[in-house]
Amino acid sequence: MIRITDIIDKVSANHPGCDLDIIERAYIYSARVHEGQVRLSGEPYLSHPLEVAGILADMKLDWISVSAGLLHDVIEDTRSTPQEVRDLFGDDIFNIVSGVTKISVLPLKSSKERQAESIRKMILAMAKDIRVILIKLADRLHNMRTLQYHKEKKQLEIAQETLDIYAPIASRLGIFWIKTELENTSFMFLMPHEYRNIQNLVSKDRKEREEYIETVKGFLREQLAKNKLNGEVLGRYKNYYSIYQKMQTQGLAFEDIYDVIAFRIILDTIPQCYEALGIIHALWKPIAHKFKDYIGFPKPNLYQSLHTTVIGPKGERVEIQIRTHEMDKIAKSGIAAHWGYKEGKQIDERMSQRFAWIQNLVENQENFSNPTEFMESVRIDLFPDEVYVLTPRGDVKTLPKGATPVDFAYMIHTEVGNQCVGAKVNGRMVPLQYELRTGDVVSIITNKNHQPSKDWLNFVKTVKARSKIRQWIKTQEKDKSIGLGREMCEKAFQKNRLNFTSLLRTEEMAKVAEHFGFKTTEDLIASVGYGKITPLQVLSKFLQKPESNSAEKSLLNKIIGRVRKKKPHAGVIVKGIDDVLLRFGKCCQPVPGDSIVGYITRGYGITVHRTNCVNALKMNPDRQIEVDWSPELTETYPTKIRVRSYDRVGLLADIADSIAKNGANILSASTETAESKEVNSFFTIAVENTDHLRRVLSTIKKVKLVQEAERLS
């Protein structure tokens, strides 16, 4: 366990003359309130805030950040009160600690909602003070280092969230050493077989590779010295997760990946970087389209470097990065290397512009009340690859890779997006699905009478475009549902000799809306139209007698399932409703253990989807209803898997045997063999839950010549 004296020494060296007393007070207070608490590892709980503070000190952050790191769990995990922390340590430290604290005390409906709201709260706090996310990253980094002490299910949840949210944030902030460690550790827990496989492949010829690295480094130093360039030359292995990603995205075997090793040349000035590039291209033939100038066009996270890939010694491809010492410092530490905080001073304007994406996150989060949609929007906003396109006036706009003219139109203005009928890129008409590239000049063609199309959701990439299209669809559906809800209520009230239209404008109706959690009576009526509230539930508030459960169920079944062809599904519980027709979405085939959500489908009951199902995310969130897996599960559920392998005699029999050994039944199977002798096998198998599926996939991966086994969405 790191000692407080070590932390103080580091802060003192990085920030001479700073207030070290506040760090000591934070340590003493944290030790007192955490006294008696232990971590799952058996260590005193104090070891965690100390390790977090140590990571922050290594990042050369200020004494306020380090003090907040020592206190980051006191509000959440001890009897310490927010007011006490504010009184003892001041507003700056209190605001940071408050921003890092998770939402665990609010009466939210589910852990999914709690996670979404905690991330939302963190983003809002991050926009006010970037130190919030730096402390959160240090906290997550130490938690990942001790993840082995959690149960397997918790390990997978934390690792997935880290890969989805925290590693991309570290990347966007340019703190690549944290990004790399978070990705590799998550990869190790989420896909242990693939992790060990790549680890073994990298280690296999390590001695030969290390000799190769030393040879190339020596040759590069010699060539730089001949041209009077005094540069540092480094060689390194790429991290395991980036190797795995390249194998997956490009469909390559490990042996076909040329840039497992990358070389870096570090020089004093920018002109020297371009001179070194010329020397390398004169020595070795550069590969077309593999040169990137991030010095002239820096990444939004401040990263600058020249990247080139050449045909090097022995005819192998070699990736080389060239940068200055200052650029190397930024590449390692990102925003932390540019730390602009002093007493009472915020990050300068230039830095604020560099991190405008944080403000976009804040603005976009206001559009989402549904936790699934919100988490999806955060993942999109954290997508690391970007393209830079131009308006006809020459203004540069930044969009995520894969963005289309529709995304560009919504970035300009919501009305431009809604009225978009076509687009020109570099003076030529293109389809609206066209993927924009860096340097494209885009102009949008609009028509005032045009409206957004639901199909646009299949290809738009930006959160703003997605949310505005959904908003328009929701408005259209709401108008229809208000008409239907009014008609249903009028009939129900008329049977009891009550005038619904007259009662609609009364205070009593407003109270009924409030009782059901709606802000306006219009929202209440729309909800009746959607099928979430029955007319009888509304009527019962005026009759002042207990609601008839049987009558209510009967009416609900009329709304969402007029014809019953099969019994309700025993494996899923619909909150607040019994005996309702259920079916599973064929698109995503949920199985127990998956996070699920229900959607009311008029005439077909409730359709259950996985929460991350693409089709479910396109649906109107107002049709959403909360569902969960029943604790008493006795059935098996179909799910599709794909196995990628190389052809051999007996391959299919061995895969089928692996499935049968784990007690899973094969419902259907098909194979496709390419000219390269690579085989894609597709199976539909019946499994009990996600743990059962994971065991099946793990066993299949051990079959000879199998490269990959995965579940299909």
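Located above this text is the structure these notes cover.
Residues numbered from 1 in each chain as written. Predicted model: local features only at pLDDT ≥ 70, side-chain atom pairs only at ≥ 80, totals over all residues. Heavy atoms only, no water.

Undergrad: Got a minute to help me understand the pairing of strand β6 (residues 317-324) in this structure?
TA: Looking down a regular strand, the side chains alternate between one sheet face and the other. The element β6 is largely enclosed, with a buried count of 7 among its 8 residues. Relative to β6, strand β5 (residues 306-311) is paired through 6 bridges, and the arrangement is antiparallel. In the strand pairing of β6, Val-310 is matched with Val-318. Between the antiparallel neighbours β5 and β6 lie 5 residues, among them Lys-314 with a positive phi of about 65°. (Buried < 20%, exposed > 50% of the residue type's maximum accessible area, 1.4 Å probe, protein only. Helix = DSSP H or I, 4+ residues; strand = E, 2+ residues; numbered from the N terminus. Pairing = 2+ DSSP bridges.)

Undergrad: Can you walk me through the sheet that holds strand β9 (residues 420-425) in this structure?
TA: Spatially, 3 strands are ordered β10-β9-β11 in an open sheet, and the strand pairing comes out antiparallel. The open sheet has two edge strands with one neighbour each: β10 (428-430) and β11 (442-446). Taking the axes of each pair of neighbouring strands and ignoring which way they run, one obtains an average angle of 35° across the sheet. On top of the sheet, helix α19 (residues 405-412) reaches β9, β10 and β11; it is set at about 80° to β11, its chief contact. (Axes fitted to C-alpha atoms, helices over the stretch in contact; angles between N-to-C directions. Contact = heavy atoms within 4.5 Å.)

Undergrad: I keep staring at helix α1 (residues 4-14) and nothing clicks. Help me out?
TA: In an α-helix there are 3.6 residues to a turn, and that puts residues three or four apart on one side. Within α1 the residues assigned to the buried category are Ile-4, Ile-7, Ile-8 and Val-11. What you see down the axis of α1 is that its buried residues fit within an arc of 95°, all on one side. Turned more than 90 degrees away from the buried face of α1, the exposed residues are Asp-9 and Ala-13. Where the residues of α1 are buried, they touch α2 (20-33), α3 (47-58) and α4 (63-71). (Arc of directions from axis to C-beta.)

Undergrad: For this particular structure, what's the right way to read the nonpolar core?
TA: Across soluble globular proteins, nonpolar side chains have a tendency to be buried as a group. By size, the foremost hydrophobic cluster in this structure holds 95 residues, and its most contacted members are Ile-7, Ile-23, Leu-137, Phe-263, Ile-265, Ile-320 and Ile-322. Here the element with the most residues in this core is helix α9 (residues 152-172); it accounts for 9 residues. Beyond its immediate chain neighbours, meaning those up to four positions away, Ile-320 contacts Phe-263, Ile-265, Ile-280, Trp-284, Leu-306, His-307, Thr-308 and Val-310. Within the second largest apolar cluster, 29 residues are counted, among which are Ile-600, Tyr-637, Ile-641 and Ile-659. (Core = buried A, V, L, I, M, F, W, Y, C linked by side-chain atoms within 4.5 Å.)

Undergrad: I'm lost on unusual backbone geometry in this one. Help?
TA: Among all residues save glycine, negative phi is the norm, and among peptide bonds the norm is trans. Phi at Lys-228 is positive, roughly 60°, even though this residue is not glycine. Its place among the elements puts Lys-228 in the loop between α12 (206-226) and β1 (232-237). Unlike most non-glycine residues, Leu-705 shows phi in positive territory, near 75°. Within the element layout of this structure, Leu-705 appears in the loop between α29 (690-701) and β21 (706-711).

Undergrad: Before we go on, may I ask you to explain the sheet that holds strand β19 (residues 665-673) in this structure?
TA: In sheet architecture, strand pairing relies on hydrogen bonds along the backbone and comes in two forms, parallel and antiparallel. The strand order β19-β20-β18-β21 describes an open sheet built from 4 strands, whose pairing is antiparallel. Across the chains shown, the open sheet's two edge strands, defined by having one partner strand only, are β19 and β21. Ignoring strand direction, the axes of neighbouring strands in this sheet form an average angle of 15°. As paired strands, strand β18 (residues 637-646) and β21 are joined by 5 bridges and run antiparallel to one another. From the neighbouring strand, Val-643 faces β21, where its bridge partner is Ala-709. Here helix α28 (residues 651-661) sits on the sheet in contact with β18, β19, β20 (678-687) and β21, set at roughly 25° to β20. Strands in contact with α29 are β18, β20 and β21; relative to β21, the strand with the most contacts, it is inclined by about 165°.

Undergrad: What is the right way to look at the packing of helix α8 (residues 131-145) against helix α10 (residues 176-190) in this model?
TA: Pairs of packed helices are described in terms of their axes, by the angle between the two and the distance that separates them. Two elements in contact, α8 and α10, have axes separated by 10 Å at closest approach and are oriented at 35°. In the packing of α8 onto α10, the handedness of the crossing is left-handed. Taking contact as the criterion, the partners of Leu-137, Arg-140, Leu-141, Met-144 and Arg-145 in α8 are, on α10, Trp-177, Ile-178, Glu-181, Leu-182, Thr-185 and Ser-186. Residue composition of the contact of α8 with α10, grouped by class: 6 nonpolar, 2 polar and 3 charged. (Left-handed = near helix turned anticlockwise from the far one by under 90°. Nonpolar A, V, L, I, M, F, W, Y, C, P; charged D, E, K, R; others polar.)

Undergrad: Teacher, can you tell me more about the pattern of salt bridges here?
TA: A side chain of one charge can pair with a side chain of the opposite charge if their charged atoms are brought near each other. According to the stated counting rule, one finds 22 salt bridges in the structure shown. Note that Lys-217 and Glu-214 form a salt bridge whose closest N and O atoms lie 3.4 Å from each other. Within this pair, Lys-217 and its partner Glu-214 are both found in helix α12, separated by 3 residues, close to a single helical turn. Between Lys-491 and Glu-487 there is a salt bridge; the shortest N-O distance is 3.6 Å. Of the two residues, Lys-491 and Glu-487 both sit in helix α21 (residues 463-495), 4 residues apart, roughly one turn of that helix. Residue Glu-487 is classed as partly exposed on the basis of its relative accessible area of 41%. (Salt bridge = Lys/Arg side-chain N within 4 Å of Asp/Glu carboxyl O.)

Undergrad: For this particular structure, what's the right way to read α4?
TA: Taking burial as the measure, the 9 residues of α4 include 9 buried ones, the bulk of the element. Within α4, burial applies to Trp-63, Ile-64, Ser-65, Val-66, Ser-67, Ala-68, Gly-69, Leu-70 and Leu-71. In the core, the buried residues of α4 are packed alongside α1, α2, α3, α5 (74-77), α6 (82-100) and α8.

Undergrad: Even after reading the chapter, I still don't get the side chain of Thr-404, so can you show me in this structure?
TA: With respect to the helices and strands, Thr-404 occurs in the loop between β8 (396-400) and α19. With near-sequence residues (within four places) excluded, Thr-404 lies in contact with Leu-432, Gln-433, Tyr-434, Leu-436, Phe-459 and Val-460.

Undergrad: For this particular structure, what's the right way to read the state of the cysteines?
TA: Simply put, the disulfide is a covalent bond whose two ends are the sulfur atoms of two cysteines. If you walk through the whole model with that rule in mind, you get 0 disulfides. Cysteine Cys-613 remains unbridged, with the sulfur of Cys-587 as its closest cysteine sulfur at 3.5 Å. (Disulfide = S-S within 2.5 Å.)

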